Amino acid sequence: WCPYYLTRQAINHATVLVFNYQYMLDPKVAKMVSKELESESIIVFDEAHNIDSVCIEALSVTVNDRNLDQATRSLGRLSSEVSRMKASDSERLQRE
């Protein structure tokens, strides 16, 4: 048996789980781990003295000029579409 898959099976039968808190804080990993937990599970973070820096690292993104340019273009297209829909809806309301 692979330890990873064996552990995933054991989660369903465990009353207490002890694992690295980074598994619950990293969104990519947390999705895999938390789906095996019961909704009323209690999670205790031990040795979490650097938990703030781990949270910052896990939830941070890097934005560069290319990302900003793409976002600006997308917002422009979205704004144009919203304006078009408003005009279309206004015309439809006037006809009714």
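Parameters at a glance
Residues numbered from 1 in each chain as written. Predicted model: local features only at pLDDT ≥ 70, side-chain atom pairs only at ≥ 80, totals over all residues. Heavy atoms only, no water. Helix = DSSP H or I, 4+ residues; strand = E, 2+ residues; numbered from the N terminus. Salt bridge = Lys/Arg side-chain N within 4 Å of Asp/Glu carboxyl O. Buried < 20%, exposed > 50% of the residue type's maximum accessible area, 1.4 Å probe, protein only. Contact = heavy atoms within 4.5 Å.

Enquirer: Hey, could you run me through the environment of L59 in this one?
Expert: Relative to the helices and strands, L59 resides in the loop between α4 (51-58) and α5 (65-95). On a C-alpha basis, the gap between L59 and D26 in space is 7.5 Å, while along the polypeptide they are 33 residues apart.

Enquirer: Even after reading the chapter, I still don't get the pattern of salt bridges, so can you show me in this structure?
Expert: Where charged atoms of side chains with opposite charge meet at close range, the side chains can pair. Tallied over the full model, the rule gives 2 salt bridges. The salt bridge partner of E81 is R84, with a shortest N-O separation of 2.5 Å. Of this pair, E81 and R84 both sit in helix α5, 3 residues apart, roughly one helical turn. A relative accessible area of 33% places E81 in the partly exposed class. Linking D89 and R92 is a salt bridge whose minimum nitrogen-to-oxygen distance equals 3.7 Å. Note that D89 and R92 are positioned in helix α5 at a spacing of 3 residues, about one turn of the helix. Given the relative accessible area of 37%, D89 is considered partly exposed.

Enquirer: It is not clear to me how the environment of Y21 should be interpreted in this structure. Could you clarify?
Expert: Its place among the elements puts Y21 in the loop between α1 (3-11) and α2 (22-25). Classification of Y21 by relative accessible area gives buried; the value is 9%. Note: C-alpha distance between Y21 and R84 (63 residues apart in sequence) is 48 Å. Setting aside anything within four residues of it in sequence, one finds Y21 in contact with F45, D46, E47, A48, N50, I51 and V54.

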